[in-house]
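# Analysis of the macromolecular model
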Amino acid sequence: MASVAAAEGAAAALRSVLSRAQQAAARAGRAPGSVRVVAVSKTKPVPVIRGVYDAGHRCFGENYVQELIDKAPQLPEDIEWHFIGNLQSNKAKALLAGVPNLDMVESVDDEKIANRLDRVVADLGRKPLKVLVQVNTSGEESKFGVDPSGCVELAKHVKLNCPNLVFSGLMTIGMLDYSSTPENFKTLSNCRKEVCKELSIPEEQCELSMGMSADFEQAIEMGSTNVRVGSTIFGAREYPKKN
């Protein structure tokens, strides 16, 4: 019964988040449907994720390779999974082989992981994989991501040298001190301008993945096309207790 109640609660929370996202897009003069909400389901059990799926949602995100490999086969194949955590190159094959409906890796932060993903996609014979270049907009050593000064070169490498990847845009994880978040968002937006100019692609074809539970509305108003919302939909994380 507890999982049923949790699933119903998550489905109701999802509807609220989708409404808030649509309102934020409208405030920014953007069309309905211009923002994708990634429901971040890390640490959440399959029945709760299924409740959000049954409410009509299809885009989910996970942070850990093994957790996603375990969950994906237990859920419908039309889910579009986003991998949003740091990905080690030695786990790329397991991830892509174990999750055939992986839609996007949002966390490509150097040429090594881009090259590895490119080779694995080719070896598996799967359709090209969408990727975002992760940018460390806050300068925090604890955060993954390429320095803003290196985002153009990494994006260019993905687009020109990785034929089995689709360069789809940029991603950042803002600071936990949300008062500084606007600067992170502005930095990523500026990176997009530079990347699009260098690669000669329209800005509307380059996604911005920024904004999470505490600041996704602000992120949308500042141009985000992809927000990653976890605890606002699913509740607090449920990490195993350490002995």
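Heads up: the structure comes first, above all this text.
Residues numbered from 1 in each chain as written. Predicted model: local features only at pLDDT ≥ 70, side-chain atom pairs only at ≥ 80, totals over all residues. Heavy atoms only, no water.

Within helix α6 (residues 151-161), burial applies to C151, V152, L154, A155, H157 and V158. Against β4 (102-108), α5 (111-124), β5 (129-134), β6 (165-171) and α7 (181-199) lie the buried residues of α6. (Buried < 20%, exposed > 50% of the residue type's maximum accessible area, 1.4 Å probe, protein only. Helix = DSSP H or I, 4+ residues; strand = E, 2+ residues; numbered from the N terminus. Contact = heavy atoms within 4.5 Å.)

Once that is clear, we can look at unusual backbone geometry. Here the phi dihedral of T43 falls at roughly 70°; this positive angle occurs in a residue that is not glycine. Following the sequence through the fold, T43 ends up in the loop between β1 (36-40) and α2 (46-54). Here T43 falls in the buried class, since its relative accessible area comes to 17%. Its identity as a non-glycine residue notwithstanding, S200 has a phi of 55°, on the positive side. Position of S200 among the secondary structure elements: in the loop between α7 and β7 (207-209). S200 sits in the exposed class, given a relative accessible area of 64%.

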